[in-house]
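# Survey of secondary and tertiary structure
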Amino acid sequence: MVRFSTIARRFIAGGLLVLGLLSALPVQAGDAAKGKSVFTSECAMCHSNARNGPTILGPTLFGVVGRKAGTVAGFAYSSGMKSAGFAWSDAQLAAYLPSPRALVAGTKMPYGGLKNPTKLADLIAYLDTLK
Amino acid sequence: MRPKSPLMLRLLAFTAAASLGLAGAVRAQSSAVHELPQSLIYEHEQTISELEGLTHHPGAVGVEATKALDLFKRHIAHEQEYILPPLTLLPDLADGKVSQDMAWALEMTDRVRTNQEQIFAEHAAVTDRMNALYVAALQAHDAEAADFAKSAAADSLNDLEILEPTVIMIGDYLRTKLAAKP
């Protein structure tokens, strides 16, 4: 049991290290204009992009870059997101959006993930403009 | 073949009768196991009916609705198989009634707990599919399809936020209460 928990700790630490390294990698530069169309097709059903926009099924994404995760008032976040402990940066978004539950365990955003790296970069470039 | 002794025949008759009785009990239990809350049966029928209607809409809306219909049918089948039946116990549990004949639900609630990630992935697939329908609906100015997509995505989130955690809690509650019974 002790041995298993040591292995498990090492495994988790390794995973966190990989995630950390991935987060530290520079994010591919995207095209914000194309990103707006990615936002429309991937995010707009559940998320507003407007200043003081409403909470729909998810919190507004206006001002998301730089915002501490899990802090939009009026949205009932999962405990995983509330305790994520980071602010959204381009790198965090690049790590989160392709596979949300891999970065934030227990997030309740039921989204399969944006796997296409070009679309991902474009979307992040667009989210950067929402401020 | 040798003729069987009267004792043997009686034993065989007893075994056959016991088997029939047991089979009946299992049938009775499995019919109880597959009972579902009526409100959810109705909701699912409405969802499928509306989605079937959308498959006849022209262009991309019809195409996306058709893709979604197949996914919804499979998802609903999973829900009806083992996620929804334990919810039929809620009114009695809320009245403080717990009995051994509710123990059938434990296997299902355990399965929901074990399959949480798989269930989440199904909801993610449903939401992605509704997103595709929503985008097609916006492009086609099809308000009915857009409303359906958004509403179905909300239902999917509702399942994750409320329904499945409730099923798991029913299992935990039942297990505790049944263990405490003399």
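Residues numbered from 1 in each chain as written. Chains lettered and ligands numbered in written order. Predicted model: local features only at pLDDT ≥ 70, side-chain atom pairs only at ≥ 80, totals over all residues.

## Here's the deal with the overall build of chain A
From N to C terminus, chain A includes 6 helices and 0 strands. Scanning chain A from its N terminus toward the C terminus, one meets helices and strands in the order α-α-α-α-α-α. Evaluated residue by residue, chain A yields a buried proportion of 30% over its 131 residues. (Helix = DSSP H or I, 4+ residues; strand = E, 2+ residues; numbered from the N terminus. Buried ≥ 20, exposed ≤ 12 C-beta atoms within 10 Å, placed from the backbone.)

## Quick look at the interface of chain A and chain B
Chain A puts 10 residues into the contact, and the matching count from chain B is 17 residues. Along the lines of polarity and charge, the residues of the side of chain A that touches chain B split into 5 nonpolar, 3 polar and 2 charged. (Contact = placed C-beta atoms within 7 Å. Nonpolar A, V, L, I, M, F, W, Y, C, P; charged D, E, K, R; others polar.)

## Things to note about the packing of helix H2 (residues 32-42) of chain A against helix H6 (residues 117-129) of chain A
Residues and elements named next belong to chain A. Viewed as axis vectors pointing N to C, H2 and H6 meet at an angle of 100°, and their least axial separation amounts to 7 Å. Relative to H6, the element H2 lies roughly perpendicular. Facing H2, whose interface residues are Ala-32, Lys-34, Gly-35, Lys-36, Val-38, Phe-39 and Glu-42, H6 presents Lys-119, Asp-122, Leu-123, Ala-125, Tyr-126, Asp-128 and Thr-129. Split into classes, the residues belonging to the contact of H2 with H6 amount to 6 nonpolar, 2 polar and 6 charged. (Axes fitted to C-alpha atoms, helices over the stretch in contact; angles between N-to-C directions. Parallel < 35°, antiparallel > 145°, perpendicular 65-115°, else oblique.)

## Concerning the confidence of the model for chain B
Residue and element names in this part refer to chain B. When the pLDDT values of chain B are averaged, the result is 86; 81% of them are 70 or greater. Here residues 1-32 scores under 50 on pLDDT; set against residues more than four positions off or in separate chains, the count is 4 contacts. For this predicted complex, the interface confidence reaches an ipTM of 0.75, while the overall pTM sits at 0.78. (pLDDT = per-residue confidence, 0-100.)

## Regarding unusual backbone geometry
Note: most residues except glycine have negative phi, and most peptide bonds are trans. Phi is positive for Asn-52 of chain A, which is not a glycine, with a value near 55°. Within the secondary structure, Asn-52 of chain A is located in the loop between H2 and helix H3 (79-82). With a phi close to 55°, His-141 of chain B is a non-glycine residue in the positive phi region. Within the secondary structure layout, His-141 of chain B lies in the loop between helix H6 (116-139) and helix H7 (143-180). Among the residues examined, His-141 of chain B registers 8 C-beta atoms within 10 Å and is labelled exposed.

## Points about helix H3 (residues 59-83) of chain B
Residues and elements named next belong to chain B. With 25 residues, H3 extends 35 Å between its outermost C-alpha atoms, agreeing within 8% with the 36 Å of an ideal straight helix rising 1.5 Å per residue. Listed in full, the buried residues belonging to H3 are Val-61, Glu-64, Ala-65, Ala-68, Phe-72, His-75, Glu-79 and Ile-83. As for H3, its buried residues are in contact with helix H2 (38-54), helix H5 (104-114), H6 and H7. (Expected span 1.5 Å × (residues − 1).)

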